[in-house]
Amino acid sequence: MIARAWSWFTNRFAILVVIAAFIWSSVTIISHRRQAIPPGVKTVLRIGHWQLEGGVREAFNAMIAEYQELHPDVMIVQDAIPESTYGQWFTTQLMGGTAPDMIQVGLGVPYNVLLGFYHRYFLPLSMQVNQPNPYNRGSDFETMPWRQTYKDAMRRSYIEELQEYMTIPLSQFGSRIFYNKDLLKSLTGLEEPPADFRTFLAACEAIQAQRLPDGKAYVPIASSAYHITNWEAFMCAPLTFGAVREADFNRDGYVGVDELYYAIKTGRIDFDAPPFEASFRMLRTLTNYFQTGFSGLGRDEAVMLFAQQRAVFIISGTWEAGSLEEQARDHFELGIMDFPYPTKDDPEYGNIIEGPRYEAPASNFNFAVTRTSKNPEAAIDFLQFLSSRAGNEKMNGIIGWIPAIKGTSVSRLMSAFEPHLEGTYSSMPVTVGGETIIKWTQLTSLFQIGQIDYEEMVRQYKPLYLDKGGLELIEIQRNRRRALIRDEQFVTGYRHRALMATGDELQSRMIKYRQMVAGRLINRELGNEAARTWAQANADTPAPYSFTPEVLAKIRARLTNAEPENTR
Amino acid sequence: MIGRPVRWSEVKNHWTLYLFVLPTLILIGLFMYYPAASGVFHSFFRWNGADISEFVWFDNYVNLLKSSEFWNSFKVVMILGLWNVIKMIPALLVAVCIHRCRSARTQFLYRILFVVPMVVPALVTVLIWRSFFFEATSGYLNRFLSATGLMDLLVNLDRWFNWGGIFVEGQSPAWLGDPRLILTACIVWGFPWVGSFAVLIHLAKLQGISKDVYEAAEIDGVSWWSKFTKIELPLIMGSVYLLLVFVIIDTIKDAGMVLALAGIYGGPGGKLTVPALFMIRKAFVEQEMGYACAIGIVLTLIVICLQKVLTWLMNPERRLWRWRPGAITEAAVVHPAKVEATRARIQRNIERHLRPGFRRWIAFQSIFLRTTKHAVIWAVLAMAFLPLYLMLVVSFKTNTQFYAAPATVTTPLHPENWRQAWQLVMPTVANSVFVSTSATALTLVFALAAAYFFARRRMPLHGFLWNAILVLMMMPMIANLVPLFRLLKDMNLLNTLSALILVGTASGQVFSIFVLRNFVADIPADLYEAAEIDGANHFQQMATVVLPLSGPILGTVGVMQFINLWNEFVLPLVVIQDHAQLPVMVQLLRMSGEYLKLWGPLMAGYAMASIPIIVLFIASMKLFVRGLTEGAVKG
């Protein structure tokens, strides 16, 4: 009997296991769904982001709990997605119409694609940001428009192509070099971090010559595919500033993607220009001090190397400061240093470098509200809560980041991230859209590990850039033009208000209407016309900042004549 | 044998048979043919998946065929395919070694031991290889190469053959960071490449070889190598060919492992971009959905052509490299004229065996071979268990312990890692169990019914429908990912487990029907006739004749389908967005993307994702092998 029962059991063991597992899974799923929405909750909001650094999720949880105390009928769920899959997740969420109510913007999709996304999937927030933030009630920000409460007045949230405020930032970011103070001292004898490029290289040489207990060499700089882009942007890109003199057609001090394209297309400047070449030479020099195989490593793997005290320097930012501090605690003293730029007397880069990288005090950690949100008002309300003076200070305090709102306090660690308000821009935006970005990414990764030299990289990239880059520029212009209908509707609304206004209101509304027409309809076409002019420019056309002797004489004369007036 | 044809005029007597195939037709029509048709349609458009749709004729195809990146991706996939064919050899050798073990208990033990590490989900293995083996500064692969002196050999080879400094003295090669090595890394991962399915399929085939053949070989004095080349290999070539087709087609269709190993850009310089990854990138990064659809269509056409070529090559009548049967078979069975000569040779062998010196030599040879066989098996096992060992050891460590001693057991152990991991992965494990079980059950029910339709009678449209299903075998699911995504969106199924169950059931139909039809067709016609005489209709015949006999084969197909569904992560990655709905594989991918990994809970999570599948496989192995030997995989 027992033998028969045992035989029955063993013969059906697999199916019994499967049935038991199925019952368990069903019960678990049902119980989780029941727990998912507690009774009394009327509104469920979702917020998606890629900031998986230590403290961010905890900060969100704390702020959500506080918000839910004020609004017991609202429940907020956060989706923290790793950076590696964020782009694809972000795209499919939006395309599928299942995106969270609030979603972090700025990673994983090229800018031209993002512009299209702004059009299709996100709500413009211009109207809201021009109203006071209700959570600032009782403070001196009570009557101030929401955007004016920001340190940068929400400069980055304003999307020029759409002429709308599209995102709400929550923090300010900055980058610096983190270093292991103990190791630096023991390996190089330096008490203070290197201040210029040559001293920095000498320190790296000294570090590389030292051996770990296992016989392997110390790594001067812990890096990865992620970190190298920061080295490129913060250390090397300022060298490219010289290109501004040839390619800044509209003389706004900044070389745009379209301007550089036209400058290269028309032969005004080429990839072999000394500022470009120097920037890549510096990058190659730096990679000599990275660990082997850095380009195949993830961000976390470089951090692990630094945390294991096998590397002395690592580039990172405010977003990772808390995590790195946590890793260093009880093991070594963590230091933060500024970028060691070449000095003016540097034999290699002295005649090219024109200053450090200009760091706009711009806000980051941007969230957009999706059009598919069932509760956009509640979503905006939550973002207002997070960006109120008290809320923003508390949230960034928990994470260890710099608040984006004026009048908030900053931790001691964060004071090292004080931005350089004087400096130069990167002037080499050589990628336009999808295909140029991918090709450039692939080629630079080969360059970074010494597989190809700069000439070879340019030889492979330039034909594609001139061919596909042009098509991608057209796509960007298409996206801009897609806003025309909405612009016209918008301007018509203003015209209607102006025509209906009377008395003192009439004049002010007519001025606003004219400004809107100029800003939204005329300037854009002027921009297109300017682009056409740039496209016809050639190497003989005077550079944007060069003047003919006659013009210089005129300016000089005008200044001389104006001097007494100014003095007066 | 397939039943007799039914004329249109007789349909009224058997119309219920169409009901058997109807659910399958609805599923594959909706989730496979509609996306494919939609893909063809959209491939003629400049389409961004949303508001831009502009008819561009064949521009997408022209641009695609002109794209060097696309052709490079094919070059990469061809190299991977070739290596995957070579990587079939260890499974074959291991199967033969296990089969040669005399003791049934030893065979069983080895079978279990091989199955355990090999059913660990491929994604988990890839992630472990990525973190532990390929890491340049302290990865085990470089340590192994240095410790064994192989690194010096590679450095010398690099110098002699001028490889361009891939291996340089004093420098650790960057397997995932060097564009010249990333393809090699993609080939190397998973070493010793002993796939459990392949081993079990080969074993099932080997078990079918009669003992008489071995006895005859013994008498004939055939060496161990000749036994392999002249007896075993020719008799299992059918399953080898079948696996070959699957391996090549799967390689072309696969994007998941490359995605996990090298990321969406295909590693440094995009050197590991395969066509499927190229398509995903075009669709979901660059928003060129129309272009991505064109890639999918071209991919499907290439797979179909390749499959046709392979079928043509494998056809016994046209086979180009037909395996010649061994001497024994030829001598003793095929060519009676040689019987006399064989008999004389046997006589000489017997005389030789009677000499004492020769007997001692044979005994020594036997011991040597047996020892070598077991040593090889244990060496392969040790390598196969290494990722599993690391997973378990690290799962009880804190980060500090892990950094100090990554590969050895350290105290105190931290079982709380498992508690933490359980909280993280438990809901996702439940989702995966639910999806895999439901989809497997539905697949088996619908596929068995459809198999009955195809095997029982040749109904009108039988051939058309059968070919319609066979074509799907060659259509890579990934090629239709974009239209499928749109379809699920239109059906309001995005972000639901139902989407995974339905698509999983639809995609599982093809292989299951293919296997089950052969089985149902092999059931003796007498049984059906007896049931018909008793007045049983088709439903009753199905319940009383087919179902009771098909337990083992359903077990085999069910286990294969369950494991496929469990390991699937590309579709859920795109379709599921809500954390509460995630299957475990996507959750593991997310956990592995944390900036500051907590290695202990991460490895405990990997283990938790592997345990259900290991338990299922071990529990059902008896059934699985029985199903295989009963003809689940006919070579």
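Bear in mind the structure is a predicted one, so any value in this text is a computation, not a measurement.

(A) Examining the overall build of chain A more closely. Helix and strand counts for chain A come out as 21 helices and twelve strands. Principal-axis analysis of the C-alpha atoms gives chain A an extent of 115 × 75 × 50 Å. A burial count over chain A gives 45% of its 568 residues as buried. At a minimum sequence separation of 6, the contacts of chain A that also span at least 24 residues come to 74%.

(B) Geometry of the overall build of chain B. Regarding its fold elements, chain B presents 30 helices and two strands. A compact globule built from 635 residues would reach a C-alpha radius of gyration of about 26 Å, and chain B, at 27 Å, matches this within 12%. Taken along the three principal axes of its C-alpha coordinates, chain B extends 85 × 80 × 50 Å. For chain B, buried positions account for 48% of its 635 residues. Once local pairs closer than 6 in sequence are excluded, the contacts in chain B between residues at least 24 apart make up 79%.

(C) Geometry of the pairing of strand β6 (residues 168–172) of chain A. All names here are of chain A. Taking burial as the measure, the five residues of β6 include five buried ones, the bulk of the element. Where β6 meets strand β11 (residues 363–369), four bridges bridge the pair, whose relative direction is antiparallel. Across the sheet, P169 pairs through a bridge with N366, a residue of β11. Two strands pair when backbone bridges link them, and β6 and strand β12 (residues 402–403) are joined in this way by two bridges, in the antiparallel orientation. Its bridge partner being in β12, S171 is matched across the sheet by P403.

(D) Representation of the environment of F368(B) in the model. Mapping F368(B) onto the fold places it in helix α19 (residues 356–394). C-alpha separation for the pair F368(B) and F358(B), spaced ten residues apart in sequence, amounts to 15 Å.

(E) Seen up close, unusual backbone geometry. Cis geometry is found at the peptide bond from F191(B) to P192(B), where omega equals 15°. Assignment of secondary structure puts P192(B) in the loop between α10 (182–188) and α11 (196–207). If you check the backbone angles, A153(A) has positive phi at about 55° while not being a glycine. Looking at the secondary structure, you find A153(A) in the loop between α6 (126–129) and β4 (158–159). Residues other than glycine seldom take positive phi values, yet N495(B) does so here, at roughly 65°. Here N495(B) is to be found in the loop between α23 (481–490) and α24 (497–522).

(F) The sheet that holds strand β10 (residues 334–337) of chain A, seen in detail. Residues and elements named next belong to chain A. Across the sheet, which stays open at both edges, the four strands sit in the order β8-β9-β7-β10 with mixed pairing between neighbours. This sheet does not close on itself; its edge strands, each paired only once, are β8 (219–222) and β10. Within the sheet, the average angular offset between the axes of one strand and its neighbour, ignoring direction, is 25°. By the bridge criterion, five bridges tie strand β7 (residues 175–180) to strand β9 (residues 311–317) in an arrangement that is antiparallel. Its bridge partner lying in β9, F178 is registered against I314. This element, helix α7 (residues 181–188), spans β7, β9 and β10 of the sheet and lies at about 60° to β7.

(G) Region of interest: the interface of chain A and chain B. In this assembly, 59 residues from chain A lie in contact with 57 residues from chain B. Mapped by element, the contributors of at least two residues to the side of chain A that touches chain B are α2 (13–36), α4 (83–96), α5 (111–121), α13 (299–307), α14 (318–328) and α17 (434–448) of chain A. With twelve residues, α2(A) is the single largest residue contributor to the side of chain A that touches chain B. Residue composition of the side of chain A that touches chain B, grouped by class: 22 nonpolar, 29 polar and eight charged.

(H) Fine view of helix α6 (residues 104–118) of chain B. All names here are of chain B. Here α6 contains 15 residues, and its C-alpha end-to-end distance of 21 Å stays within 8% of the 21 Å for a straight helix at 1.5 Å per residue. The set of residues buried in α6 consists of Y110, R111, F114, P117 and M118. End-on, the buried residues of α6 take up no more than an arc of 145°, which puts them together on one face. Exposed positions of α6 whose direction lies more than 90 degrees from the buried face are A104, R105 and I112. In this structure, the buried side of α6 is in contact with α5 (88–100), α11 and α19.

(I) Focus on helix α15 (residues 275–284) of chain B. Burial within α15(B) is extensive, with ten of its ten residues counted as buried. Of all the residues in α15(B), the buried ones are P275(B), A276(B), L277(B), F278(B), M279(B), I280(B), R281(B), K282(B), A283(B) and F284(B).

(J) A look at the packing of helix α3 (residues 56–70) of chain A against helix α16 (residues 389–399) of chain A. Residue and element names in this part refer to chain A. Their axes nearest at 8 Å, the elements α3 and α16 cross at an angle of 145°. Taken as a pair, α3 and α16 cross one another with a handedness that is right-handed. Contacts between α3 and α16 involve V56, E58, A59, A62 and M63 on the former and, on the latter, G391, M395, I398 and I399. Looking at the contact of α3 with α16 residue by residue, the classes come out as seven nonpolar, one polar and one charged.

(K) Geometry of the pairing of strand β2 (residues 74–80) of chain A. All names here are of chain A. Relative to β2, strand β1 (residues 43–49) runs parallel, the two being bridged by seven bridges. The residue bridging I47 from the neighbouring strand is Q78, located in β2. Regarding the hand of the β-α-β motif, the stretch spanning β1, α3 and β2 is right-handed.

Cut-offs and rules
Residues numbered from 1 in each chain as written. Chains lettered and ligands numbered in written order. Predicted model: local features only at pLDDT ≥ 70, side-chain atom pairs only at ≥ 80, totals over all residues. Helix = DSSP H or I, 4+ residues; strand = E, 2+ residues; numbered from the N terminus. Buried ≥ 20, exposed ≤ 12 C-beta atoms within 10 Å, placed from the backbone. Contact = placed C-beta atoms within 7 Å. Rg over C-alpha atoms; globule rule 2.2 N^0.38 Å. Pairing = 2+ DSSP bridges. Axes fitted to C-alpha atoms, helices over the stretch in contact; angles between N-to-C directions. Nonpolar A, V, L, I, M, F, W, Y, C, P; charged D, E, K, R; others polar. Expected span 1.5 Å × (residues − 1). Arc of directions from axis to C-beta. Left-handed = near helix turned anticlockwise from the far one by under 90°. Right-handed = clockwise from strand over helix to strand, strands pointing away.

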